Amino acid sequence: MEKNIRIISKEIIFTVLNSYSQVFFSTSKILAIVLLLISFFDYGAGIGGLTAVIIANILAHFLGYNEYYIKSGLYGFNSLLVGLGVGLTFQPSIELFLLIAIASTTAFFLTIAFQGVLGKYGLPFLSIPFLATIWIVLLAGGELTALNISERGIYTYNELYGIGGQAMVSLYDWLDGLISSSFLRIYFYSLGAIFFQKGLLAGILISLGLLIYSRITFVLSILGYTISYIFYIFVGIEFNSLSYTFIGFNYILTAIALGGYYLIPGRTSFAWIMVLLPSVVLITISTQQLFAHFYISPYSLPFNMVVLMFLYSLKLREKRANKLLETPIQLGNPEKNLYLQSGNLRRFPARFPIAASLPFFGEWQVSQGHKGEITHKGAWQNAWDFVITDNKGEQYKGSGDFVEDYFCFGKAITAPFEGTVVEVVNSISDNTIGNVDIINNWGNTVIIKHSHTIFSKLCHLKHQSVAVKVGDQVKKGQLLGKCGNSGRSPYPHLHFQFQPTPYIGSTTLDYPIGHYLLKGEKYNFETFSIPQKGQVVANPRKNNLLTKLLHFIPGQGISGEFRIENTKTGVQEYHEEFNWRVNTDVFNSIYIESEEDHTFAYLYNNEEQHYFTNYIGKKETALYWFFLALFKVPLGFLPNSNIKDNVPINLMFGGVSLFLQDMIAPIYLFLKADYKLEIEEEGDILLSDHILLKSELTKKIAGQSTEKYHFKTKLDESGVFDIELVNKDLKIQITCQKN
């Protein structure tokens, strides 16, 4: 009972704190505590804000709204802002607290309403509910005769003395004398104004809170303010007036929202901040003039207008961008969003929604690649010709005078990805060797529609071998026909291309193969790459044991032991038994949770590869090492395959190096954590009852290796994972099994 009470109390406190930090698009508890304390620099605002946020969250809980949104503070921060504004405007009284209760309730229901309306378009409601509510209250304020307008702020020294005595007054005077630059003063005033505070100290503390929470957010706050400051000077507007109004923060919040929260931070998002902020300035100036007639402030209206306009415009794009990317899963921190996405861009490129396979079985060689020397030219340059060769590099046996002599002739051709067959040609005869049919240039052909803008075309198929018809729904790997020698084909080969339209003769798309093995001394696992002329490539062969063991089902338990041994002394330094559970979150993402450590390892399995995508919680736990050892494992491969990837750097680095990286992360990444996996042959790997994986993690600073971790992972058919890590003088062992 006591434990449940403690858990509920903790959740309530975190919900309230998250409502404060959400004002800066965060769930940082440190930032929240700073903001909570700052709100009480004016006790009326502080009490009003806290009262309002508690009322809003109680309403959300008892009316049964989504617990995730409640706990993250999304249902509370608009009411918080209303409570701060109303509490600052009027003198404390019973009537005022009744008004705060009514206003916070109004803001809450407006939050729900705007969430429903804007959510249909995938847009955030931002602070629109606050704006609507505060304007309603202020426009009605003249008629609320039972309330008295606050006189706080007139006698600043008396109020400071009441808060912290002479020490607070002395601190205020010291800061006031220390910061003489109008540029810096207005920056701090603008930050303080977000929480309805007028002093320098509030702005300074908020800036420090932002720096602790996120270096990117801190940099963006300065960038947004600086660009606007320069624009004011450029067009000849007196900027000092901003220090006496609640509008300067529009520029800061716009930069934070678009530069690093709703968009993945990077050079492109920073550049767009520079483009958009002059619009925010113009809207701010014009709305000031308009709202002055009603004796109210536009508050955050310019910020809301520009952010929603830009986000909505991005959603109407026909093509997926390569650089200006919306945040797919919000982690509540720009650095984490960036570091996670920088790896996932290679794993799941947004511009490549189709992860196509090679359209055949076994090993084939690229006889002509993109921008070929024979036929792949101009608008038709992005295509491949594939053949089968022997150990000597020959395409045929014997004299090669007959199509049957060629190793690829008659071999199965398969669908590269699921889709609908939109064109079939099956009646063209195969050429004798050396002859070509330029009238029926493409020969027997199958075209498959994979999306509205992506089609694949497979040509020169064998006469009467096509096994599908127009309208058929095909799956990846399904038989389409056989390799032949029809059309403009002097010798048997497969012509394969992607194209934007469903027509024979269509121009080509520069589009990669999703996953394939590149043959060398070992097989390298390639992801979203373009096979080159002369390369031998193959599809991975799915391994049933790996497929079974790396298939994690929600509700499933995993139990095991975690041991750490000193290799010099042979002494066991640590031992624990653990129990993990596989769960899903509100986004239906699968994760493994360690209740003992309160850690979470998120994973993704597309039936071709197993990925760990993110890790949350303290490092160097059993789950952390499990996450790193199996960071990326293909479910299909050939013996002696190599796989490479990169671990998000915030999961491998810390301290000063990560702090410095955070400051310049959108511009340049000098930290790197390389992951390499080798799958070693153990007898007949397709039938073996166990598999040995060797993985290596290399931490690099400015390209120089600083530390390496070596993992050995053995998996057997009984479902046991046996992981061993050697790092310096420590040997870490994890043995676990799915229940």
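Residues numbered from 1 in each chain as written. Predicted model: local features only at pLDDT ≥ 70, side-chain atom pairs only at ≥ 80, totals over all residues. Heavy atoms only, no water.

Thoughts on the overall build of the protein
Cut-off, in case you're wondering: Numbering goes from the N terminus for both helices and strands, where a helix is a DSSP run of H or I of at least four residues and a strand is a run of E of at least two. Categorising residues by exposure relies on relative accessible area from a 1.4 Å probe, with only protein chains included: less than 20% of the type maximum marks a residue as buried, more than 50% marks it as exposed, and the intermediate range marks it as partly exposed. The contact criterion used is simple: two residues touch if any of their non-hydrogen atoms lie within 4.5 Å. Here the Shrake-Rupley method, with its probe set to 1.4 Å, supplies the accessible areas, and only the displayed protein chains count as covering residues. Positive charges come from Lys and Arg, negative ones from Asp and Glu, while His and the chain ends are left out of the count. Here the site of a charge means NZ on Lys, CZ on Arg, CG on Asp, or CD on Glu.
When helices and strands are tallied, the protein shows 18 helices and 26 strands. Dimensions along the principal axes, computed over C-alpha positions, put the protein at roughly 105 × 70 × 50 Å. Taking all 739 residues of the protein together, the buried fraction comes to 53%. Within the protein, contacts between residues separated by at least 24 positions form 64% of all contacts whose residues are at least 6 apart in sequence. Total accessible area on the protein is roughly 33,300 Å²; 58% of this is exposed by carbon and sulfur atoms. One way to put it: in the protein the 57 positive side-chain charges average out to a point 4 Å from where the 59 negative ones average out.

Brief notes about the state of the cysteines
As a reminder, the rule being used: In what follows, a disulfide is any cysteine sulfur pair within 2.5 Å.
Taken as a whole and judged by the stated rule, the model has zero disulfides. Between Cys-459, a free cysteine, and Cys-483, which holds the nearest cysteine sulfur, the sulfur-to-sulfur gap is 11 Å. Given the relative accessible area of 0%, Cys-459 is considered buried.

A word on the pairing of strand 15 (residues 572-584)
On any regular strand, side chains alternate: one points to one face of the sheet, the next to the other face. The condition is simple: When DSSP finds two or more bridges between two strands, those strands count as paired.
Across nine bridges, strand 14 (residues 557-566) lies against strand 15 in antiparallel orientation. Looking at strand 15, one finds that Arg-563 is bridged to His-575. The antiparallel hairpin formed by strand 15 and strand 16 (residues 590-594) contains five residues in its connecting segment, where Asn-588 sits at a positive phi of about 65 degrees.

Remarks on the side chain of Glu-678
Spelled out, the test is: In the analysis that follows, any N or O atom pair within 3.5 Å is treated as a polar contact, provided that within protein one partner can donate a hydrogen and the other can accept it, and provided that, for residues neighboring in sequence, both atoms belong to side chains.
For Glu-678, the position within the fold is in strand 22 (residues 671-680). Within the structure, Glu-678 has its side chain in polar contact with the side chain of Lys-522 (distance 3.2 Å). Residue contacts for Glu-678: discarding those within four places in its chain leaves Lys-522, Ser-641, Asn-642, Leu-692, Leu-693 and Lys-694.

Let's talk about the packing of helix 6 (residues 94-119) against helix 7 (residues 128-140)
For any two helices packed against each other, one specifies the inter-axial angle together with the distance between the axes. Rule in force here: The axes are straight lines fitted to the C-alpha atoms, using for helices just the contacting stretch, and the angles between their N-to-C directions are given from 0 to 180°. A crossing counts as left-handed when the near helix is turned anticlockwise from the far one by less than a right angle, and as right-handed when that turn is clockwise.
Axis separation between helix 6 and helix 7 bottoms out at 8 Å; the angle between their running directions is 140 degrees. With respect to the hand of their crossing, helix 6 and helix 7 are arranged in right-handed fashion. Of helix 7, the residues touching helix 6 (which contributes Leu-99, Ala-103, Thr-106, Ala-107, Leu-110, Thr-111, Phe-114 and Leu-118) are Ile-128, Pro-129, Ala-132, Thr-133 and Val-137.

Things to note about the environment of Phe-402
Considering the arrangement of structural elements, one finds Phe-402 in the loop between strand 2 (383-387) and strand 3 (412-414). When the C-alpha positions of Phe-402 and Arg-563 are compared, they lie 64 Å apart, and in sequence the two are 161 residues distant.

What about the packing of aromatic side chains?
Put simply, the rule is: Each Phe, Tyr or Trp ring (for Trp, its six-membered ring) is paired with any other whose centre lies within 6.5 Å, and the angle between the two planes then decides the class: stacked below 30 degrees, edge-to-face above 60, tilted in between. The criterion is that NZ of a Lys, or CZ of an Arg, lies within 6 Å of the ring centre and within 35 degrees of the ring normal, and then a charge sits over that ring.
Scanning the entire structure with this criterion turns up 50 aromatic pairs. Seen from their ring centres, Phe-562 and Tyr-574 are 5.7 Å apart, and the 65 degrees between their planes marks the pair as edge-to-face. Pair noted here: Phe-562 is in strand 14 and Tyr-574 is in strand 15, with a separation of 12 residues, a long-range link. One cation-aromatic arrangement involves Lys-699 over Phe-653; the distance from NZ or CZ to the ring centre is 4.9 Å. Sitting over the face of the ring of Phe-552, Lys-738 holds its NZ or CZ atom 5.1 Å from the ring centroid.

Focus: helix 11 (residues 215-235)
Note: α-helices contain 3.6 residues per turn, so residues at a spacing of three or four share the same orientation. Going by this rule: Given a helix with a known number of residues, its expected span is that number minus one, times 1.5 Å.
For helix 11, built from 21 residues, the straight-helix expectation of 30 Å at 1.5 Å per residue is met to within 8% by its first-to-last C-alpha distance of 31 Å. Backbone geometry just downstream of helix 11 places Gly-236 in the positive-phi region, at approximately 85 degrees.

Comments concerning the pattern of salt bridges
Test applied: Here a salt bridge means any side-chain nitrogen of Lys or Arg lying within 4 Å of a carboxyl oxygen belonging to Asp or Glu.
Tallying each qualifying case throughout the model produces 16 salt bridges. A salt bridge links Lys-533 to Glu-373; the shortest N-O distance between them is 2.9 Å. With Lys-533 in the loop between strand 11 (523-529) and strand 12 (536-538) and Glu-373 in the loop between strand 1 (363-368) and strand 2, the pair connects residues that are 160 residues apart, well separated along the chain. Note on Glu-373: relative accessible area 43%, which makes it partly exposed. The partner of Lys-476 in a salt bridge is Glu-608, and the shortest N-O contact between them spans 2.6 Å. Of this pair, Lys-476 sits in the loop between strand 7 (473-474) and strand 8 (479-482) while Glu-608 sits in the loop between strand 17 (599-605) and strand 18 (609-616); the two residues are 132 residues apart in sequence, bridging distant segments of the chain. You can call Lys-476 partly exposed: its relative accessible area is 29%.

So, a nonpolar patch on the surface
To keep things clear, this is the line we draw: Any residue with relative accessible area above 30% and no salt bridge may belong to a patch, with like charges joined within 9 Å and the nonpolar Val, Leu, Ile, Met, Phe, Trp and Tyr side chains within 5 Å.
Taken together, Phe-40, Tyr-43, Ile-47 and Phe-97 make up a surface patch of nonpolar side chains, about 330 Å² in accessible area. Mapped onto the fold, Phe-40 is located in the loop between helix 2 (29-39) and helix 3 (43-62). Relative accessible area serves as the criterion here: at 32%, Phe-40 is assigned to the partly exposed category.

Some points on the environment of Arg-347
Looking at where Arg-347 falls in the secondary structure, it is placed in helix 15 (residues 334-347). Judged by relative accessible area, Arg-347 falls into the buried class, the value being 3%. Sequence-wise, Arg-347 and Phe-528 are 181 residues apart; in three dimensions their C-alpha atoms are separated by 8.0 Å. Residues contacting Arg-347, with those up to four places away along its chain left out, are Thr-527, Phe-528, Tyr-611, Phe-612, Thr-613, Phe-631, Lys-632 and Asp-645.

Side note on the side chain of Ser-529
Among the structural elements, Ser-529 can be located in strand 11. Only 3.2 Å separates the side chain of Ser-529 from the backbone oxygen of Thr-527, close enough to count as a polar contact. Ignoring sequence-local partners within four residues, the contact set of Ser-529 consists of Pro-512, Ile-513 and Tyr-516.

With respect to unusual backbone geometry
For His-460, which is not glycine, the phi dihedral falls at a positive 70 degrees. Along the polypeptide, His-460 turns up in strand 6 (residues 455-461). Accessibility expressed as a relative area gives 5% for His-460, which makes it buried. Positive phi outside glycine occurs at Lys-728, with the angle close to 60 degrees. Here Lys-728 shows up in the loop between strand 25 (720-727) and strand 26 (730-738). Accessibility expressed as a relative area gives 67% for Lys-728, which makes it exposed.

A word on the confidence of the model for the protein
Should the pLDDT be low somewhere, the predicted coordinates at that spot are not to be read in detail. So the rule is basically this: Confidence of the predictor at the level of single residues is given by pLDDT, which spans 0 to 100.
Confidence in the prediction of the protein, expressed as mean pLDDT, is 88, and 93% of residues score 70 or more. Within the model, the stretch residues 682-687 combines pLDDT values under 50 with 11 contacts to residues more than four positions away or in other chains.

So, the nonpolar core
In plain terms, the rule: Buried residues of nine kinds, namely Ala, Val, Leu, Ile, Met, Phe, Trp, Tyr and Cys, make up a nonpolar core once their side-chain atoms join them within 4.5 Å.
Formed by 159 residues in total, the largest nonpolar core has its most connected members in Phe-24, Ile-592, Trp-625 and Phe-626. In this structure, Phe-626 is in contact with Phe-552, Trp-580, Ile-592, Phe-612, Phe-721, Ile-723, Ile-734 and Cys-736, ignoring residues within four places of it in sequence. Val-366, Ile-388, Phe-417 and Leu-494 belong to the second-largest nonpolar core, a separate cluster that totals 35 residues.

A word on the pairing of strand 21 (residues 641-646)
Most of strand 21 sits inside the fold, with five of its six residues counted as buried. Of the pairings in the sheet, the one linking strand 11 to strand 21 comprises two bridges and is parallel in character. Pairing of Tyr-523 across the sheet is with Ser-641, part of strand 21.

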